[in-house]
Amino acid sequence: MVRGRICRLSVRDVRFPTSLGGHGSDAMHTDPDYSAVYVVIETDAEDGIKGCGITFTLGKGTEVDWSREGRGAPGDSGCPQCGVGLVGQAGGKACLEVTCGHEKQMLAQGYPAYTTSCAWLGYSDDTLKQLCAQALKDGWTRFKVKVGADLQDDVRRCQIIRDMIGPEKTLALIPLGIGIATGEQCHNRVIFKQLLQAKALQFLQIDSCRLGSVNENLSVLLMAKKFEIPVCPHAGGVGLCELVQHLIIFDYISVSASLKNRMCEYVDHLHEHFEYPVMIQRASYMPPKDPGYSTEMKEESVKKHQYPDGEVWKKLLAAQEN
């Protein structure tokens, strides 16, 4: 049944100046901003149904995606990385029917996550210790430390985190006995197939925006199941946690049926800009109960952070000129 025809396509360049606080900066980029090309496809359906999609970038290069998206005709966003999810009318409610033990477990306990928020490369030692202490207080037991700028400094920072969390909690990038986790930069199922066939990874990191939306992600989940490789997705950024929650819960319920050696990254940034933000309890992703792919951003946030004419960027660019 056709609910409506696509009648309008809007493309917005939305950027959040996270580099000012050292948030999100990693080994590959010295001053990135968490940014996104935000696409909304509207229909003429009576209930106002629309689709919202995100292509996540680090600021530089957003113009390329924005231009490509803008050239796309209604119904064709022009960019495979843009995951578009349908959103029902305001106030609409989703109905989640529990039919198996795995679904009940997800509703009760959630999907295990690890945190990266306390150990970005741009943080000072004092900030790192403060955020690590808060993460422990919030119940986190699995941590990741960003490395790659300087080897000796990496060792020192990892030791700070290890001393704080103790020997019983999990720290990714332990020097001994850790498998290779990769894939957040892979943009299609062919690359993942080659990595799996070559036995080049032990933990598969899909990225919900790097791959071509839901279908491409699902094909990789199925291949990972065939090769018996656990999927530990990359998240963070602009809306990546919101998107990936749907994929990991689907993987557990319908594909892998296992949580062995599985966890999903979580970064506690920018969720306040989304209409349906991700929910974390007891260091786990809780299943979303709202309709759609959780990609819809708050219009106020979009207007405020639109580049370069939004309120936030007008002030920052004026300050830079002066």
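Bear in mind that the values here come from a model prediction, so they are computed numbers and not experimental data.

A.B. asks: Got a minute to help me understand the overall build of the protein chain in this structure?
C.D. replies: Along the protein chain, the regular secondary structure elements total nine helices and twelve strands. For the protein chain, the residues scored as buried account for 47% of the 322 residues in total. Here the analysis covers contacts within the protein chain between residues at least 6 apart in sequence; of these, 71% occur between residues at least 24 apart. Split by element, the accessible area of the protein chain, about 16400 Å² in all, is 52% carbon and sulfur.

A.B. asks: Looking at this structure, I do not really get the nonpolar core. What am I missing?
C.D. replies: In a soluble, globular protein the nonpolar side chains are often hidden away together inside. One finds Leu204, Ile206, Val238 and Tyr285 to be the most contacted residues of the largest nonpolar core, which totals 62 residues. Here this core takes eight residues from helix α7 (residues 240–256), the largest share from any one element. When residues are assigned to domains, this core turns out to be shared by domain 1 (6–95 + 298–321) and domain 2 (102–286), each giving three or more. Setting aside residues no more than four positions away along its own chain, Ile206 makes contact with Phe192, Leu211, Asn217, Val220, Leu221, Val231, Pro233, His234 and Leu247.

A.B. asks: Help me understand the pattern of salt bridges, please; the structure alone is not making it clear to me.
C.D. replies: Pairing between side chains of opposite charge can happen when their charged atoms approach one another. In this structure the tally under the stated criterion is eleven salt bridges. For Glu216, the salt bridge is made with Arg189, and the minimal N-O distance between the two is 2.7 Å. Residue Glu216 is found in helix α6 (residues 213–227), and its partner Arg189 is found in helix α5 (residues 189–197); the two are separated by 27 residues along the sequence. With a relative accessible area of 12%, Glu216 lands in the buried category. In this structure Arg189 comes out as partly exposed when scored by relative accessible area, which is 42%. Three or more residues are tied together by salt bridges with common partners; here these are Asp125, Asp153 and Arg156.

A.B. asks: Where do I start with the packing of helix α2 (residues 101–109) against α7 in this structure?
C.D. replies: At a closest axis distance of 9 Å, the pairing of α2 and α7 adopts a crossing angle of 150°. Judged on the interaxial angle alone, α7 and α2 are roughly antiparallel. Here the hand of the crossing between α2 and α7 comes out right-handed. Residue-level inspection shows His102, Glu103, Gln105 and Met106 of α2 in contact with α7, the latter providing Ile249, Tyr252 and Ile253. Of the residues belonging to the contact of α2 with α7, the class tally is four nonpolar, two polar and one charged.

A.B. asks: What is the right way to read the packing of aromatic side chains from this model?
C.D. replies: One pair of aromatic rings is described through two measures. These are the centre distance and the angle between the planes. Counted under the stated rule, the structure contains three aromatic pairs. Residues Tyr266 and Tyr285 carry aromatic rings whose centres are separated by 6.0 Å and whose planes lie at 85° to one another, so their mutual orientation is edge-to-face. Residue Tyr266 is located in strand β10 (residues 264–266), and its partner Tyr285 is located in strand β12 (residues 284–285); the two are separated by 19 residues in the primary sequence. Overall, Tyr266 belongs to the buried group, its relative accessible area being 8%. Residue classification places Tyr285 among the buried residues on the basis of a relative accessible area of 0%. For the ring pair Tyr307 and Trp313, a centre distance of 5.2 Å and an interplane angle of 80° mean the geometry is edge-to-face. On the basis of relative accessibility, which here comes to 27%, the residue Tyr307 falls in the partly exposed class. Members of the aromatic cluster, each reached through a chain of ring pairs, are Trp140, Tyr266 and Tyr285. For Arg15, the ring lying beneath its charged end belongs to Tyr307, and the centroid distance is 3.8 Å.

A.B. asks: How should I be thinking about the side chain of His269 in this particular structure?
C.D. replies: Note on placement: His269 falls in the loop between β10 and β11 (280–281). On the basis of relative accessibility, which here comes to 15%, the residue His269 falls in the buried class. Looking at His269, its side chain comes within polar contact range of the side chain of Trp120, at 3.4 Å. If we skip the residues at most four places from it in the chain, His269 touches His23, Ser117, Trp120, Tyr123 and Gly237.

A.B. asks: It is not clear to me how the pairing of strand β3 (residues 50–57) should be interpreted in this structure. Could you clarify?
C.D. replies: Regular strands place side chains that alternate from one sheet face to the opposite one. Buried residues dominate β3, accounting for seven of its eight residues. Across eight bridges, strand β2 (residues 34–43) lies against β3 in antiparallel orientation. Each residue of the ladder has a partner; that of Tyr38, found in β3, is Ile54. Hairpin remark: β2 followed by β3, antiparallel, with six residues in the connecting loop; positive phi at Gly48, about 70°.

A.B. asks: How should the environment of Gln202 be read in this particular structure?
C.D. replies: Structurally, Gln202 can be placed in the loop between α5 and β9 (203–204). Along the backbone, Gln202 and Thr182 are 20 residues apart, and their C-alpha atoms lie at a distance of 8.4 Å. Ignoring any residue separated from it by four or fewer positions in sequence, one finds Gln202 in contact with Gly179, Ile180, Ile229 and Pro230. For Gln202, the side chain forms a polar contact with the main-chain nitrogen of Ile180, separated by 2.7 Å.

Each value, and the rule that gives it
Residues numbered from 1 in each chain as written. Predicted model: local features only at pLDDT ≥ 70, side-chain atom pairs only at ≥ 80, totals over all residues. Heavy atoms only, no water. Helix = DSSP H or I, 4+ residues; strand = E, 2+ residues; numbered from the N terminus. Buried < 20%, exposed > 50% of the residue type's maximum accessible area, 1.4 Å probe, protein only. Contact = heavy atoms within 4.5 Å. Areas by Shrake-Rupley, 256 points an atom, 1.4 Å probe, with all protein chains shown as cover. Core = buried A, V, L, I, M, F, W, Y, C linked by side-chain atoms within 4.5 Å. Domains from an automatic or database assignment. Salt bridge = Lys/Arg side-chain N within 4 Å of Asp/Glu carboxyl O. Axes fitted to C-alpha atoms, helices over the stretch in contact; angles between N-to-C directions. Parallel < 35°, antiparallel > 145°, perpendicular 65-115°, else oblique. Left-handed = near helix turned anticlockwise from the far one by under 90°. Nonpolar A, V, L, I, M, F, W, Y, C, P; charged D, E, K, R; others polar. Phe/Tyr/Trp six-rings, centres within 6.5 Å; stacked < 30°, edge-to-face > 60°. Lys NZ or Arg CZ within 6 Å of the ring centre and 35° of its normal. Polar contact = N/O pair within 3.5 Å; in protein donor to acceptor, adjacent residues only side chain to side chain. Pairing = 2+ DSSP bridges.

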